[in-house]
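Topology and contacts: notes
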Amino acid sequence: MFTDRLYESARPIWEAYLDHPFVKGIGDGTLELEKFQFFMRQDYLYLIDYCRVFALGSVKAKSLDTMTMFSELLHSTLSEEMELHRNYAERIGISREELEETKPSATLLAYTSYMLNKANQGSEAEVAACVLACTWSYNVIGLHLAEQNQGEKHEFYGDWIEMYASDEFSELASSLKKLINELADGLPEREKAHLEEIFIHTSKLEYMFWEMAWKQKMWVEEESFLNT
Ligand SMILES: Cc1ncc(CN)c(N)n1
C-alpha cells in the first residue's frame, strides 16, 4: 500500500516523535505547564489553518464521498479537537479571545503556509497528502502514550492522550489513509513521488513543531526584539 511506502520513507522522523522530550513529558506527566501552554496556543492557530486545508479538500473533491470525508474532518477539528484546546485554556486561565490573539511563531507560519500553498495549487490528492502526517502521527503518538500508561489517566495530560488515542480520532486517521491509498492507486511514479515529498516535508515540520514547543521558540531562541 502507498501508506506503507510513505511510512518507510519517514520512519526515522516518526520514531523521533516518540523519543521527543515534549511527547515523553506529556506521556509521563512531567512536561512543564509553561511549555504545554505555549504549545496549545500555537496549536490552536495551527488548527485554524488546518481547517482551511480541509475546506480546500472539499472544494477539490471529485466525489461526494471524498467531499463528505473532508467536511467531517473539518467539522470534527472545529468542534472536538479545538474544544480540547479551549477546555485546556480555560483550565489554565486563558480566555478564548486570548487564544485566538496568539502571535504566530516562525515554525507555525512555515508549516501552515506550506500546507496552504500546496493545497491551493494541488489536486485532492495533494490536499490529502498535506494533512496525512498531522492526523496520522498524532494518532500514533496518542496510541503509544495510552499504551504506555496502561489505562491510567493522568489528571492533566490524560485528556490530551485520550483525544488522540480515541476510536473517533483513529477512524479519522484510517479514513485519510484509505483515501490516499485510493487516490495514489494508478498514478504515475512522478506524481506518487510528489505526494511522498509532501508527506516527508510535513513530517519534518511536525518534528519542528515539537521542537518549537519544547524550546518555546517564536523566531529565534535567544531573547530578541524578533520574538515580540
Ligand atoms: C501541529 C499539529 N499537527 C497535528 C495535529 C493533529 N490534528 C495538531 N493538533 N497539531
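Along every chain, residues carry numbers that run from 1 in the direction the sequence is written. At least 70 in pLDDT is required for a residue's local features to be given in this predicted model, at least 80 for side-chain atom pairs to be given and counted, and no such filter applies to totals for whole chains, interfaces and linings, which use all residues.

Condition: UniProt positions are given in the numbering used here, feature names are shortened, and annotations may be inferred rather than shown by experiment.
The name recorded for the protein in an unreviewed UniProt entry is Aminopyrimidine aminohydrolase, from Halobacillus kuroshimensis. Here is the UniProt Pathway (unreviewed entry) comment for the protein, exactly as written: "Cofactor biosynthesis; thiamine diphosphate biosynthesis." UniProt lists a comment for the protein under the heading Function (unreviewed entry), and it reads "Catalyzes an amino-pyrimidine hydrolysis reaction at the C5' of the pyrimidine moiety of thiamine compounds, a reaction that is part of a thiamine salvage pathway."

1. Re the overall build of the protein
Short version of the rule: For the purposes of this entry, the term helix denotes a DSSP run of H or I that reaches at least four residues, the term strand denotes a run of E that reaches at least two, and both are numbered from the N terminus. As defined in this context, the radius of gyration uses C-alpha atoms, and a globule is described by 2.2 Å times the residue total to the power 0.38. Counting other C-beta atoms within 10 Å of a residue's own tells you its class, since 20 or more makes it buried, 12 or fewer makes it exposed, and anything in between is partly exposed; those C-beta atoms are placed from the backbone.
Per the secondary structure count, the protein includes ten helices and zero strands. Across the protein, helices and strands are ordered from the amino to the carboxyl terminus as α-α-α-α-α-α-α-α-α-α. Against the 2.2 N^0.38 benchmark of 17 Å for 228 residues, the protein shows a C-alpha radius of gyration of 17 Å, consistent with a compact globule. Counting all 228 residues of the protein, 36% fall into the buried class.

2. Here's the deal with the site of the ligand
Rule in force here: Each residue receives a C-beta atom built from its backbone; the residue is near a molecule or strand if that atom lies within 6 Å of it. Three classes are used, and their members are as follows: Ala, Val, Leu, Ile, Met, Phe, Trp, Tyr, Cys and Pro are nonpolar, Asp, Glu, Lys and Arg are charged, and the others, Gly among them, are polar.
For the ligand, the full set of nearby residues is Asp-43, Tyr-46, Leu-47, Glu-81, Cys-134, Thr-135, Tyr-138, Glu-206 and Phe-209. When contributions to the shell around the ligand are tallied by element, the ones reaching two or more residues are helix H3 (33-60), helix H7 (124-149) and helix H10 (189-215). Looking at the shell around the ligand, its residues break down into five nonpolar, one polar and three charged.

3. With respect to the UniProt feature "domain: Thiaminase-2/PQQC" (unreviewed entry) in the protein
Residues given the UniProt feature "domain: Thiaminase-2/PQQC" (unreviewed entry) here are residues 9-215. Secondary structure content for residues 9-215 is 85% helix and 0% strand, and the end C-alpha separation is 27 Å.

4. Here's the deal with helix H9 (residues 167-184)
Note the cut-off: By definition here, a helix of n residues has an expected span of 1.5 Å times n minus one. The arc in question is the one traced by the directions running from the helix axis out to the C-beta atoms.
The first and last C-alpha atoms of H9 sit 26 Å apart over 18 residues, in line with the 26 Å expected at 1.5 Å per residue. The complete set of buried residues in H9 reads Phe-169, Leu-172, Ala-173, Leu-176, Lys-177, Leu-179, Ile-180, Leu-183 and Ala-184. Seen from one end, H9 has its buried residues packed into an arc of 160°, which puts them on one side. Summarising the geometry of H9, the exposed residues directed more than 90 degrees from the buried face are Asp-167 and Glu-168. Of the residues flanking the end of H9, it is Gly-186, one or two places downstream, whose phi is positive at about 85°.

5. Let's talk about the packing of H7 against H9
As a reminder of what qualifies: Helix axes use the C-alpha atoms of the stretch in contact, all axes being lines fitted to C-alpha atoms, and the angles between their N-to-C directions lie in the range 0 to 180 degrees. Handedness of a crossing is defined here by the sense of rotation of the near helix relative to the far one, left-handed for an anticlockwise turn of less than a right angle and right-handed for a clockwise turn. The contact criterion used here is simple: two residues whose C-beta atoms, placed from the backbone, lie within 7 Å are in contact.
Running from N to C, H7 and H9 cross one another at 145°; their axes reach a closest spacing of 9 Å. As for how H7 packs across H9, the hand of that crossing is left-handed. Here Glu-124, Ala-125, Ala-128, Ala-129, Val-131, Leu-132, Thr-135, Trp-136, Asn-139 and Gly-142 of H7 come into contact with H9, specifically with Phe-169, Ser-170, Leu-172, Ala-173, Leu-176, Lys-177, Leu-179, Ile-180, Leu-183 and Ala-184. Looking at the contact of H7 with H9 residue by residue, the classes come out as 14 nonpolar, four polar and two charged.

6. Topic: the environment of Glu-83
Relative to the helices and strands, Glu-83 is located in helix H4 (residues 64-91). Taking the number of C-beta atoms within 10 Å as the measure of exposure, Glu-83 has 13 and is therefore partly exposed. A sequence separation of 39 residues divides Glu-83 from Tyr-44, and the C-alpha atoms of the two residues are 9.7 Å apart.

7. As for the environment of His-20
When you line up the elements, His-20 lands in the loop between helix H1 (2-19) and helix H2 (21-28). Taking C-alpha positions, His-20 is 14 Å from Phe-39, a pair spaced 19 residues apart along the chain.

8. Considering helix H6 (residues 106-121)
If you check H6, its first and last C-alpha atoms are 22 Å apart, about what 16 residues at 1.5 Å a residue would give, namely 22 Å. All buried positions along H6 are accounted for by Thr-107, Leu-108, Tyr-111, Thr-112, Met-115, Lys-118 and Ala-119. Across the axial projection of H6, the buried residues extend over an arc of 135°, all falling on one side. Residues of H6 that are exposed and angled more than 90 degrees away from the buried face: Ser-113, Asn-117 and Gln-121. Packing partners of the buried residues in H6 comprise H3, H7 and H10.

9. Let's talk about the environment of Leu-226
Note that Leu-226 resides in the segment after H10. Beyond its immediate sequence surroundings of up to four residues, Leu-226 is in contact with Trp-219 and Val-220.

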